[in-house]
Amino acid sequence: QVQLVESGGGLVQAGGSLRLSCAASGRTFSTYAMGWFRQAPGKEREFVAAISVGGGIRNYEESVKGRFTISRDNAKNTAYLQMNSLKPEDTAVYYCAADGWGTGRSNGDEYEYWGQGTQVTVSG
């Protein structure tokens, strides 16, 4: 069992930055690939970024490439999403998720554990 808790969301102006954190409980964090997803009001959940167990593989949704960076610190049981050059269309609830089988998959249905989400609002 893995419990995930996101933090770091908030209100920021367009062009600004936020760093989201995802703290995981348990001693097996280093065996899970981690992903970030988001869901805006009235829209489907969408993939944002994912990172493999060791961090060597990172995948990004096309619209965030070059602006967002996913990382992890296995010693701290924490995954991060650094978000720069934020745009109003990035406004959503952001969720982190853990995948015990993949190497950074974009399909949220393949992730076993999810956090409660953190709100990111980008004003234009």
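Read on for an overview of the structure. These numbers come from a predicted model, not from an experiment.

1. A few points about the nonpolar core
Counting 29 residues, the largest nonpolar core has Leu 4, Met 34, Trp 36, Leu 81, Met 83 and Tyr 94 as its most contacted members. Residue contacts for Leu 81: discarding those within four places in its chain leaves Leu 18, Arg 19, Leu 20, Trp 36, Val 48, Ala 49, Phe 68, Thr 69, Ile 70 and Tyr 94. One finds Phe 37, Phe 47, Ala 50 and Ala 97 within the second-largest nonpolar core, a separate group that totals five residues.

2. Re the environment of Lys 76
Along the polypeptide, Lys 76 turns up in the loop between strand 7 (68–73) and strand 8 (78–83). For the pair formed by Lys 76 and Ile 51, sequence separation is 25 residues and the distance between their alpha carbons is 16 Å.

3. So, unusual backbone geometry
Trans is the common state for peptide bonds, and a negative phi is the common state for residues other than glycine. Despite not being glycine, Asn 77 has its phi angle at roughly 55 degrees, a positive value. Of note, the phi angle at Ser 85 is positive, near 50 degrees, even though the residue is not glycine. Looking at where Ser 85 falls in the secondary structure, it is placed in the loop between strand 8 and strand 9 (92–99).

4. Describing the pattern of salt bridges
Inspection of the entire model under this criterion finds seven salt bridges. Here Arg 45 ties to Asp 109 by a salt bridge, and the two come within 3.4 Å at their closest N and O atoms. Of this pair, Arg 45 sits in the loop between strand 4 (33–39) and strand 5 (46–51) while Asp 109 sits in the loop between strand 9 and strand 10 (113–114), and the two are 64 residues apart along the sequence. Judged by relative accessible area, which is 36%, Arg 45 ranks as partly exposed. We classify Asp 109 as exposed; its relative accessible area is 65%. A salt bridge links Glu 62 to Lys 65; its shortest N-O distance comes to 3.2 Å. What makes Glu 62 exposed here is its relative accessible area of 59%. Ionic contacts of the salt-bridge type, sharing partners, join the residues Arg 38, Glu 46, Arg 67 and Asp 90 into one network.

5. Notes on the sheet that holds strand 8
With respect to topology, four strands assemble into an open sheet ordered 1-3-8-7, the strand pairing being antiparallel. In the strand order of this sheet, the two ends are held by strand 1 (4–7) and strand 7, each with one partner. In this sheet, neighbouring strand axes are inclined to one another by 15 degrees on average, regardless of whether the strands run parallel or antiparallel. By the bridge criterion, six bridges tie strand 7 to strand 8 in an arrangement that is antiparallel. When the sheet's bridge partners are listed, Asp 73 is paired in strand 8 with Thr 78.

6. A short note on the packing of aromatic side chains
Counted by the stated rule, this structure contains five aromatic pairs. Taking 5.7 Å as the distance between ring centres and 70 degrees as the angle between the ring planes, the aromatic pair formed by Phe 37 and Phe 47 counts as edge-to-face. With a gap of 10 residues between them, Phe 37 in strand 4 and Phe 47 in strand 5 connect regions that are remote in the sequence. Each member of the pair, Phe 37 together with Phe 47, is buried. Accessibility expressed as a relative area gives 1% for Phe 37, which makes it buried. An aromatic cluster is defined as three or more aromatic residues linked by ring pairs; in this entry it consists of Phe 37, Phe 47, Tyr 111 and Trp 114.

Conventions used here
Residues numbered from 1 in each chain as written. Predicted model: local features only at pLDDT ≥ 70, side-chain atom pairs only at ≥ 80, totals over all residues. Heavy atoms only, no water. Core = buried A, V, L, I, M, F, W, Y, C linked by side-chain atoms within 4.5 Å. Buried < 20%, exposed > 50% of the residue type's maximum accessible area, 1.4 Å probe, protein only. Contact = heavy atoms within 4.5 Å. Helix = DSSP H or I, 4+ residues; strand = E, 2+ residues; numbered from the N terminus. Salt bridge = Lys/Arg side-chain N within 4 Å of Asp/Glu carboxyl O. Pairing = 2+ DSSP bridges. Axes fitted to C-alpha atoms, helices over the stretch in contact; angles between N-to-C directions. Phe/Tyr/Trp six-rings, centres within 6.5 Å; stacked < 30°, edge-to-face > 60°.

All quantities given are derived from atomic positions and should not be read as evidence of function.
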